[in-house]
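So you can see what is in the structure, the chains are spelled out below.
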Amino acid sequence: MADPTIAQKSPFEVELEAGKDYYWCSCGLSKKQPFCDGSHKETEFEPVKFTAEETKTAYLCGCKRNDGTPFCDGSHKEL
Ligand code: FES
């Protein structure tokens, strides 16, 4: 599998709403980072759906080099 495109080498700060579904972009090509806009269609990547458990500020992965989950795990520090 090819490496996804790096959208940015830092997380995206977003406001999540409890109970709402989100689609995190895993391919790095979306123009609506960090969320999917359908740009992955020509790639082997798929968006990652998740439901916010609480209303809060969250930091979603922008480098697309984490473990495939939406939340920043610090992987961008290795780039
Ligand atoms: Fe990147 Fe959909 S645009 S996963």
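Per chain, residues are indexed from 1 in the order of the written sequence. In view of the model being predicted, local features appear only for residues whose pLDDT reaches at least 70, and side-chain atom pairs are presented and counted only at 80 or more, with totals across whole chains, interfaces and linings using the full set of residues. The basis for every side-chain value is the complete set of heavy atoms in the structure, and neither hydrogens nor water enter the calculation.

Student: Could you give an account of the side chain of Asn66, with specific residues and numbers?
Tutor: Numbering of helices and strands runs from the N terminus; a helix is a DSSP stretch of H or I covering at least four residues, while a strand is a stretch of E covering at least two. Along the chain, Asn66 turns up in the segment after β4 (56–60). In this scheme, a residue with accessible area under 20% of its type's maximum is buried, one over 50% is exposed, and one in between is partly exposed, where area comes from a 1.4 Å probe on protein chains only. For Asn66, a relative accessible area of 13% gives the class buried. The term polar contact refers here to a pair of N or O atoms within 3.5 Å; inside protein, the definition further demands a hydrogen-donor-capable atom paired with an acceptor-capable atom, and it admits residues adjacent in sequence only when both atoms are side-chain atoms. At 3.1 Å, the side chain of Asn66 forms a polar contact with the backbone nitrogen of Gly68. Within the structure, the side chain of Asn66 is placed 3.3 Å from the backbone oxygen of Phe71, a separation counted as a polar contact. When checking whether two residues touch, look at their non-hydrogen atoms; a contact exists if any pair is within 4.5 Å. Look past the residues within four positions of Asn66 in its chain and what remains in contact with it is Trp24, Cys61, Phe71, Asp73 and Ser75.

Student: I'd like a rundown of the pattern of salt bridges, residues and numbers included.
Tutor: Note on definitions: salt bridges are taken to be side-chain nitrogens of Lys or Arg within 4 Å of carboxyl oxygens of Asp or Glu. Applying the stated rule across the entire model yields one salt bridge. Of the charged contacts in the structure, one is a salt bridge between Lys49 and Asp21, with a shortest N-O distance of 3.7 Å. Here Asp21 lies in strand β2 (residues 21–24) and Lys49 lies in strand β3 (residues 48–51), a separation of 28 residues in the sequence.

Student: With reference to specific residues and values, describe the nonpolar core.
Tutor: Only buried residues count toward a nonpolar core, which is a set of Ala, Val, Leu, Ile, Met, Phe, Trp, Tyr and Cys residues joined through side-chain atoms within 4.5 Å. If you look at the biggest cluster of nonpolar residues, it comprises 11 residues: Phe12, Val14, Leu16, Tyr22, Trp24, Phe50, Ala52, Ala58, Leu60, Cys61 and Cys63. Among the elements of the structure, β1 (12–16), β2 and β4 are those that each provide at least two residues to this core. What Cys63 contacts, discounting residues up to four positions off in sequence, is Thr5, Ile6, Gln8, Ser75, His76 and Leu79.

Student: Could you give an account of the packing of aromatic side chains, with specific residues and numbers?
Tutor: Aromatic rings from Phe, Tyr and Trp, taking only the six-membered ring of Trp, are treated as a pair when their centres fall within 6.5 Å; an angle between ring planes under 30 degrees marks them as stacked, one over 60 as edge-to-face, and anything in between as tilted. Evaluated as defined, the whole model comprises three aromatic pairs. Arranged with centres 5.6 Å apart and planes meeting at 25 degrees, the rings of Tyr22 and Phe50 form a pair that is stacked. Here Tyr22, found in strand β2, pairs with Phe50, found in strand β3; they are 28 residues apart in sequence, far enough to count as distant. Each member of the pair Tyr22 and Phe50 is classed as buried. Among the aromatic residues, those joined into a ring-pair cluster are Tyr22, Phe35, Phe50 and Phe71.

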